[in-house]
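One-letter residues, chain by chain:
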Amino acid sequence: MNHQHSAPTPLETTSRQRSLDKSVFRLDVWYDESMQAIYKTRPDITLTTLPVASRLDDCTEVLQAAHAYQISSAKDETPPAWFANEALLARTPNLLCVSTSGSGYDTVDIEACSRAGVLVMNQSGANAQSVAEHTLGMMLGVNKRLAENDHRLRQGGTFSREDLMGRELQGKTVGLVGIGHIGKRVAALARAFGMEVIAYDPFLNADTIRERGAQPVTLSTLLAESDIVSLHCPRKADTLGMFDASAFAAMKPGALFVTTARGGIHSEAALAEALQSGHIGGAGIDVWDIEPPPLDHPLLTMPNVMATYHTAGVTHEARRNIATWATRQLIETLDGEFPPRLLNPEAWPMYAERYHAIFGEHPTKSYR
């Protein structure tokens, strides 16, 4: 597991904590400096930053005092011991809330948090534009064979331009599996390229899907009719392995597959087989079972695969959004406000009781 991080922001541990102060901790993964700037406006909140390699046994004092945990959404960026699960909750008796660094929550056991009366929030929408643009970039890259062109030119040799002939996006049908914050932006960008947009989302009704810019269809129809299938659904128990060999076999022959969702939703082995057989014409992959994938990964050997390292949402703008959204939401929650991006509202009643027991006051807003 690689825990090297370029230019981490030096969010320091402060020494001003008083008995009525509120305490937040995080690991020293990269965050935009706007996070520190916001915390500096609140001297009553202690922010402690722990090295990624820290042992839980060496951080008992911090963990027991903590009221909030700012956690990375990236499962391969966070050591398993630091996942927000039942074991860690047992070490944090005063923990009231956990906030992820993106829309995903692979590093958080929501059910365990709910049982403990701990709120879980995410930053859904903060990186939506960045991920949507990356998705369109992959559609263009694979459809027009941009990476293949680049590699062939660098390698040298004799070949014709027609050997690398691509296709236009205009007139193609893109099928979106999930049309939330990111999916609806992808729909808008795809329509700007003259594409027909269809979508499958079991959590939205047909009118909402139409309002978000797509024609609602069943998953089987989407697979059969799409020239490009693009994943924008969360990683959950019911989506893990959803794109297996049978799903790829149901796709239109020669169709492209793009995912900026989460590793594990698609089977990497099944995708490799579908590409090797020629049934799938190409793929754009930003998310992996193991991140980064090993250099000898079969998908990395294929010229019709455009591969990136879970960087769809890693832009200056998105990281600034995440840092500011996460910080403000945590501060508002510790101030007793109801968090706008709460993932487990069922935990609110127990959370409110625990908040009162810890701070001697009730949250200023009630869940309705």
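All residue numbers refer to positions counted from 1 along the written sequence of the respective chain. Whole-chain, interface and lining totals are the exception, using all residues; otherwise, since this is a predicted model, local features are given only for residues with pLDDT of at least 70 and side-chain atom pairs are given and counted only at 80 or more. To get the side-chain values, all heavy atoms of the structure are used, and hydrogens and water are removed first.

## A word on the packing of helix α5 (residues 128–143) against helix α7 (residues 181–192)
To be explicit about the condition: Angles run from 0 to 180 degrees between N-to-C directions of axes, and those axes are lines fitted to C-alpha atoms, restricted for helices to the stretch in contact. Only DSSP runs of H or I reaching four residues or more are called helices, and only runs of E reaching two or more are called strands; each is numbered from the N terminus. Orientation categories follow fixed angle ranges, with anything under 35 degrees roughly parallel, anything over 145 roughly antiparallel, 65 to 115 roughly perpendicular, and all other angles oblique. Here a crossing is called left-handed whenever its near helix is offset anticlockwise from the far helix by less than a right angle, and right-handed whenever the offset is clockwise. We call two residues in contact whenever any of their non-hydrogen atoms come within 4.5 Å of each other. Classification convention: Asp, Glu, Lys, Arg as charged; Ala, Val, Leu, Ile, Met, Phe, Trp, Tyr, Cys, Pro as nonpolar; all other residues, Gly among them, as polar.
Viewed as axis vectors pointing N to C, α5 and α7 meet at an angle of 50°, and their least axial separation amounts to 8 Å. Classified by the angle between their axes, α5 and α7 sit oblique to one another. With respect to the hand of their crossing, α5 and α7 are arranged in right-handed fashion. Mapping the contact onto sequence places A128, Q129, V131, A132, E133, T135, L136 and M139 in α5 and H181, I182, R185, V186, L189 and A190 in α7. Grouping the constituent residues of the contact of α5 with α7 by class yields nine nonpolar, three polar and two charged.

## Brief notes about the state of the cysteines
What counts is decided by this rule: Here, two cysteine sulfur atoms that lie within 2.5 Å of each other are counted as a disulfide. For each residue, the accessible area found with a 1.4 Å probe, counting protein chains only, is set against the maximum for its type, and the residue is called buried under 20%, exposed over 50%, and partly exposed in between.
For the structure shown, the criterion picks out zero disulfides. No disulfide involves C97; its nearest neighbouring cysteine sulfur is the one of C113, lying 10 Å away. With relative accessibility at 0%, the residue C97 sits in the buried group.

## Structural notes on the nonpolar core
Selection criterion: The term nonpolar core refers to a set of buried residues drawn from Ala, Val, Leu, Ile, Met, Phe, Trp, Tyr and Cys, joined through side-chain atoms within 4.5 Å.
Within the largest apolar cluster, 46 residues are counted, with the highest numbers of intra-cluster contacts made by Y69, W82 and V98. Sort the elements by how many residues they give to this core and helix α13 (residues 348–359) lands first, with five residues. Excluding its chain neighbours within four sequence positions, the residues that come into contact with Y69 are F25, R26, L27, T78, W82, A84, L88, L95, C97, V98 and S99.

## Some words on the sheet that holds strand β7 (residues 196–200)
Consider a sheet: its strands pair through backbone hydrogen bonds, and that pairing is either parallel or antiparallel. For the record, the criterion: Pairs of strands are assigned from DSSP output, requiring at least two bridges between the strands.
Strands sit in the order β8-β7-β6-β9-β10-β11-β12 across an open sheet of seven strands; the sheet is parallel. With partners counted over all chains shown, the strands left at the sheet margins are β8 (215–216) and β12 (305–307), one partner each. Sheet topology note: the strand β6 (residues 173–177)/strand β9 (residues 228–231) ladder contains four bridges and is parallel. Bridge pairing links V174 to I228 in β9. Of the strands in this sheet, β6 and β7 are in contact with α7, which crosses β6 at around 175°. The strands touched by helix α11 (residues 268–277) within the sheet are β10 (256–259), β11 (282–285) and β12, with β11 carrying the most contacts at an inclination of about 150°.

## Quick look at the confidence of the model for the protein
Quick note on the threshold: The predictor attaches a confidence to each residue, called pLDDT, with possible values from 0 through 100.
For the protein, the mean per-residue pLDDT works out to 92, and 93% of the residues sit at or above 70. Note that pLDDT drops below 50 for residues 1–19; the model gives that stretch 46 contacts with residues more than four away or on any other chain.

## Describing the pattern of salt bridges
Where we set the bar: Criterion for a salt bridge: a side-chain nitrogen of Lys or Arg within 4 Å of a carboxyl oxygen of Asp or Glu.
Inspection of every chain in the model, using the stated rule, returns 13 salt bridges. Between R145 and E148 there is a salt bridge whose closest N-O contact spans 3.1 Å. One network of salt bridges, with partners in common, ties together K22, R42, D44 and D335.

## Brief notes about the sheet that holds strand β3 (residues 68–71)
Sheet architecture is open: five strands sit in the order β2-β1-β3-β4-β5, paired in parallel fashion. Each of the sheet's edge strands pairs with one partner strand only, and the pair in question is β2 (45–50) and β5 (119–121). The average angle at which neighbouring strand axes cross in this sheet is 20°, direction not considered. Bridging between β3 and strand β4 (residues 97–100) involves four bridges; their strand directions are parallel.

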